[in-house]
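# Structural description and commentary
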Number of protein chains: 2
Amino acid sequence: MSVQARSIATRTRLLEATVAALVERGAHGTSLAEVCRRAGASKGALLHHYPRRADLFAAAADHLFALRLAELEEALALGDLADLDALLERLWAIYSGPTLAAWLELVVAARTDPALRVALARVDADLTRRAAALFRQVFGVEDPARATAGARTIMALFDGLSLNLVLGQGEDHARRVLPAVRELLAPWLGKKGSSP
Amino acid sequence: MSVQARSIATRTRLLEATVAALVERGAHGTSLAEVCRRAGASKGALLHHYPRRADLFAAAADHLFALRLAELEEALALGDLADLDALLERLWAIYSGPTLAAWLELVVAARTDPALRVALARVDADLTRRAAALFRQVFGVEDPARATAGARTIMALFDGLSLNLVLGQGEDHARRVLPAVRELLAPWLGKKGSSP
DNA sequence: GGAAAAACGATCCACGTGGCCTGTTTTGTT
DNA sequence: AACAAAACAGGCCACGTGGATCGTTTTTCC
């Protein structure tokens, strides 16, 4: 195995372990030792690739960016877009999944960590741009500003729903708001390409 | 000063210090020492009133419940309800404020802390019930289930917007989605009492 | 094939943390 | 006044943490 291939493999294992730890233990519980344990790596290996803890988290943010974008593209690619219920179901499947939990941990951690915030802000800007592009081409919104605002709004809505999921004792409880969301989005998505 | 009055005063100072620390330093940065420093109390006093760290956070959640409910009631009480822009502005003022930042910290911390989660779930259920009641009487929705779902949806939307605020470098950037939100809510709130 | 560099492993340390513990002061009761 | 009980003060300690500093192995290049 090539040296760089091994390096990439280790980094990948470290990042996946970091994301898993973020999901199961939270940002605070994601200690270097915990990540090493999950990745089957040593502390030396971790600190070799990511000298500071902030570097690991920033890299994890990049990793999550790829994961979230892939999930979004997949959700919008397959299936009938006119079927709003199915679309909401797919979005809900994403936003009740682990990637968003890890993302939540990073965002909240970034609120009081300036270095992490700038890293996440960059990634979030990229994600929003890509999501807006998806939104624009899929729903036929011409105005870029409108597309961006729309994408951000929908993403914010689902972000909030996944927050509710944390406190609700069952998935059913949170899922019960989906009809309301559907009712909220229906008139907006109905007028394809009819932006002023 | 009476003994219980002193006790209450100390507890209040501790809880306000906890909330302030949550806002400025995050859940992880809210150490016992930090809270004592801000409250001007000693470690002994803190551990006397709240033997475990989880007790302090649970009490802080109760404190935040009162704060958030008061803010919501005030926002809905004053002003013209037909003026959707003004209403959104008032809600935005709440959700970009410190109380929601502290709430966010607690919710995310509760995700990986079962004890805190049950405490927060109880408080959140209370808050949702009260918010649904407000929503119901203000907007004239008869069906209780619809009112609950509607209140939860709107709160989720603003929760997500405040999350966006964390990463956006300026308030203007996040505020730009308000027109989209307005457009989203307008048809829904327009049909007062016209639930099927 | 040997040196240089990169990837990796293991150990160690200063430090902040939560919780415990024993005093000390203040209030309420008889 | 005397006593009990609460509120408060602050020192103490075991522990986990991040990060630095070694040493070891593997790959690449000339």
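Conventions used here
Residues numbered from 1 in each chain as written. Chains lettered and ligands numbered in written order. Predicted model: local features only at pLDDT ≥ 70, side-chain atom pairs only at ≥ 80, totals over all residues. Heavy atoms only, no water. Near = heavy atom within 4 Å. Polar contact = N/O pair within 3.5 Å; in protein donor to acceptor, adjacent residues only side chain to side chain. Helix = DSSP H or I, 4+ residues; strand = E, 2+ residues; numbered from the N terminus. Nonpolar A, V, L, I, M, F, W, Y, C, P; charged D, E, K, R; others polar. Domains from an automatic or database assignment. Contact = heavy atoms within 4.5 Å. Buried area = accessible area lost by both parts, 1.4 Å probe. Salt bridge = Lys/Arg side-chain N within 4 Å of Asp/Glu carboxyl O. Buried < 20%, exposed > 50% of the residue type's maximum accessible area, 1.4 Å probe, protein only. Lys, Arg positive; Asp, Glu negative; His and termini not counted. Least-squares fit on C-alpha atoms with pLDDT ≥ 70 in both. Phe/Tyr/Trp six-rings, centres within 6.5 Å; stacked < 30°, edge-to-face > 60°.

Next up on the list: the protein's contact with DNA strand C. The environment of DNA strand C is formed by 20 residues, the closest being Thr10, His48 and His49 of chain A together with Leu32 and Arg53 of chain B. Per the 4 Å cut-off to the protein, sugar and phosphate atoms form 68% of the nearby atoms of DNA strand C. One nitrogen or oxygen atom from the side chain of Thr10 of chain A is found 2.3 Å from a phosphate oxygen belonging to DNA strand C. Contact distances for DNA strand C include 2.9 Å between a phosphate oxygen and a backbone N or O atom of Leu32 of chain B. Looking at the surface near DNA strand C, the elements that each hand over two or more residues are α1 (3-29) and α3 (43-49) of chain A together with α3 (43-49) of chain B. Broken down by element, the residue count for the surface near DNA strand C peaks at five residues, all from α3 of chain A. Residues that form the surface near DNA strand C fall into these classes: seven nonpolar, eight polar and five charged.

All names here are of chain A. What the domain assignment lists for chain A is domain 1 (1-51) and domain 2 (61-190). Between domain 1 and domain 2, the residue contacts involve seven residues of the former and seven residues of the latter. For the pair domain 1 and domain 2, the summed buried surface comes to about 620 Å²; carbon and sulfur atoms form 84% of the total. Of all residues in domain 1, Val19, Leu22 and Val23 bury the most surface against domain 2, accounting for 62% of the area lost on that side. Applying the counting rule to domain 1 against domain 2 returns zero salt bridges. Linking domain 1 with domain 2 are one residue pair in polar contact (both at pLDDT 80 or more). Of the residues in the side of domain 1 that touches domain 2, the class split is five nonpolar, one polar and one charged.

In this fold, Asp124 of chain B is placed in helix α7 (residues 114-139). For the buried Asp124 of chain B, no salt bridge exists, and the shortest N-O distance to an oppositely charged side chain is 4.0 Å, to Arg152 of chain B. If sequence neighbours within four positions are ignored, Asp124 of chain B has contacts with Asn164 and Leu167 of chain A together with Trp103 and Arg152 of chain B.

Structural alignment of chain B on chain A gives an RMSD of 0.0 Å, achieved by rotating through 180 degrees and translating 0.0 Å along the axis. Expressed as a symmetry operation, the mapping of one chain copy onto the other fits a two-fold axis. Both copies contact each other with a shared surface, as 100% of the interface residues of chain B are interface residues in chain A too.

All names here are of chain A. Applying the stated criterion across every chain yields a total of two aromatic pairs over all chains. When the ring of Tyr95 is compared with that of Phe158, the centres are 5.3 Å apart and the planes differ by 45 degrees; the resulting orientation is tilted. In this pair, Tyr95 sits in helix α5 (residues 84-95) while Phe158 sits in helix α8 (residues 144-167), placing the two residues 63 residues apart along the sequence. Just as Tyr95 is buried, Phe158 falls in that class too.

Bringing the interface of chain B and chain A into the picture now. In this complex, chain B contributes 42 residues to the contact, which on the side of chain A involves 42 residues. When chain B packs against chain A, close to 3,900 Å² is buried across both sides, 66% of that on carbon and sulfur atoms. A per-residue breakdown of the area chain B buries against chain A is headed by Arg111, Leu167 and Leu184 of chain B, which together make up 19% of the total. Between chain B and chain A we count four salt bridges in total. For Arg146 of chain B, the salt bridge identified is with Glu183 of chain A, shortest N-O distance 3.3 Å. Viewed at the interface, chain A and chain B are joined by nine residue pairs in polar contact (both at pLDDT 80 or more). Among the elements of the structure, α1 (3-29), α6 (98-111), α7, α8 (144-167) and α10 (178-190) of chain B are those that each provide at least two residues to the side of chain B that touches chain A. Take the side of chain B that touches chain A: its biggest share by element is 13 residues, from α8 of chain B. Among the residues making up the side of chain B that touches chain A, the classes are represented as 23 nonpolar, seven polar and twelve charged.

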